[in-house]
Structures are given as structure tokens and as C-alpha cells.
Amino acid sequence: MKQRLKALLMSPKVLGLLLVINAVGTLYGYIWYIDQLMITPPQFLIFVPDSPTASLFFCIVLFLWLLNRRSGLIEALAAVTLIKYGIWAVVMNAGAGFAGDELNWQNYMLIVSHGAMAVQALLYLPFYHIRRWHLTVAAVWTVHNDMIDYMYNVYPWVSPYLLDGIHHIGYFTFWLSLLSIGLIYVLHVRRQPVDVPS
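Residues numbered from 1 in each chain as written. Predicted model: local features only at pLDDT ≥ 70, side-chain atom pairs only at ≥ 80, totals over all residues. Heavy atoms only, no water.

On to empty space enclosed by the protein, then. Scanning the entire structure with this criterion turns up one cavity of 30 Å³ or more. Size it by volume and the largest cavity reaches roughly 30 Å³. Lining the largest cavity, in full, are I46, P49, D50, T53, A54, F57, T81, Y85, W141 and N145. Of the residues assigned to the lining of the largest cavity, the class counts are six nonpolar, three polar and one charged. (1 Å grid on protein atoms, 1.4 Å probe; cavity = no way out; pocket = protein on both sides within 12 Å on 5 of 7 lines; lining within 4 Å. Points joined across faces, edges and corners; volume = space filled by probe spheres on them. Nonpolar A, V, L, I, M, F, W, Y, C, P; charged D, E, K, R; others polar.)

Put into C-alpha cells, the structure is as follows:
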């Protein structure tokens, strides 16, 4: 059963379908951020569109796999950020509803699609070739992104119902980053051989 699932997940048809789905989601995500990007200082632009950048990393991973190539560094960036921002968006949208905001179809679509981001990161965990140095670079990128977001107030826009607790959100986001990094380390990286640059 495990071998069948692995073969299915890595079949060109499934990888191609996932690439198309993630590419569409990535494009939608960047469009969603346009208004915020328009008022963001240029030096912070790369740090603003968090979820679409995470799915872009995964698109690159899928594209490379279809070419029978791989990049452990991009796989590490995809794995960590898909889990982090997948969970983050689910919590923020659900949290807005609990805080009294009226959720619409877009909120529910974001909950489902971002939940799927985290799930696909975990589903493909056995196929990654992530070394310790790959994860170290991904960790620096991810935590640095948190610092930029919440020190310079370029975090993703959230419901007005949550703005009073933005410092708590920043705190939650930081620990969510560490959790995501830790998950990839515990479930995958520590089982790998000693680092060999790749």
C-alpha cells in the first residue's frame, strides 16, 4: 500500500496536476497581495506575499521533479513555508470568525486551500532530499521574514477584528515558524546522512 501511494504521488500525471493547481493558486495569491504591495516600501516587497511565495517554492520543486532534477534548498524552503503559512492562514481566517467577523466564501476557500498547502508538504516529506544546511538556510529565511513582517509592519493584512492583537499574532507566527522548522528536522532531516553539499 505504501509503495502504491508513493508511486501515485510521484507519477508525472499527479505531479503535473499539482503543478497546475499550485501555479494557479500562486498567481491568485500574488494578485490578492497587489493592494498591499502597492503601498509597501521597495526593500520589503519580497517579504510581503508569504503564502504565494511558499507555493511558488513548491511549484519549482514539482517542476524540477518532472525533469528528474531536484534542489534540496528549494525543497527545504517549500516544506517549511508550506506548513507555516498553510497553518497560519487557517488560524487567521478561523480566528477572525471566532472574533466576530463575518466569514464569506473567500475565507472558507482560503481555509481549505491553505490547509491543503500544509497537507501536501507533509505528504511529500519522504521524497525530499533536505540536508541540515538546506534547513538552516530555510530557517534563517523564515524567521527573518517574521522579523521584517512584525518589526516593520508589513505582515499580511488580517481581519480588522484581529488587529488589536497583532503583537500576539506576531508572537504566534514566530513560534509557528520554529514548529514548522522543527517538524521538518524531526520527521526528515535528522534521519538523513551527514551533510554532503548538493
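From this point, the narrative continues.
With that settled, consider the pattern of salt bridges. According to the stated counting rule, one finds two salt bridges in the structure shown. Notably, a salt bridge pairs R70 with E75, separated by 2.8 Å at the nearest N-O pair. Ionic pairing is found between D146 and K84, a salt bridge with its closest N-O pair at 2.3 Å. Separated by 62 residues along the polypeptide, D146 in helix α7 (residues 132-151) and K84 in helix α5 (residues 72-98) bring together distant segments of the chain. (Salt bridge = Lys/Arg side-chain N within 4 Å of Asp/Glu carboxyl O. Helix = DSSP H or I, 4+ residues; strand = E, 2+ residues; numbered from the N terminus.)

A separate point is α7. With 20 residues, α7 should cover 28 Å at 1.5 Å per step; its first-to-last C-alpha distance of 28 Å lies within 8% of that length. Listing the buried residues of α7 in full gives H134, L135, A138, A139, T142, V143, N145, D146, I148, D149 and Y150. Along its buried surface, α7 packs onto α4 (50-66), α5 and α8 (166-187). In the segment just after α7, N153 is the residue with positive phi, at about 55 degrees. (Expected span 1.5 Å × (residues − 1). Buried < 20%, exposed > 50% of the residue type's maximum accessible area, 1.4 Å probe, protein only. Contact = heavy atoms within 4.5 Å.)

These figures capture arrangement, not role.
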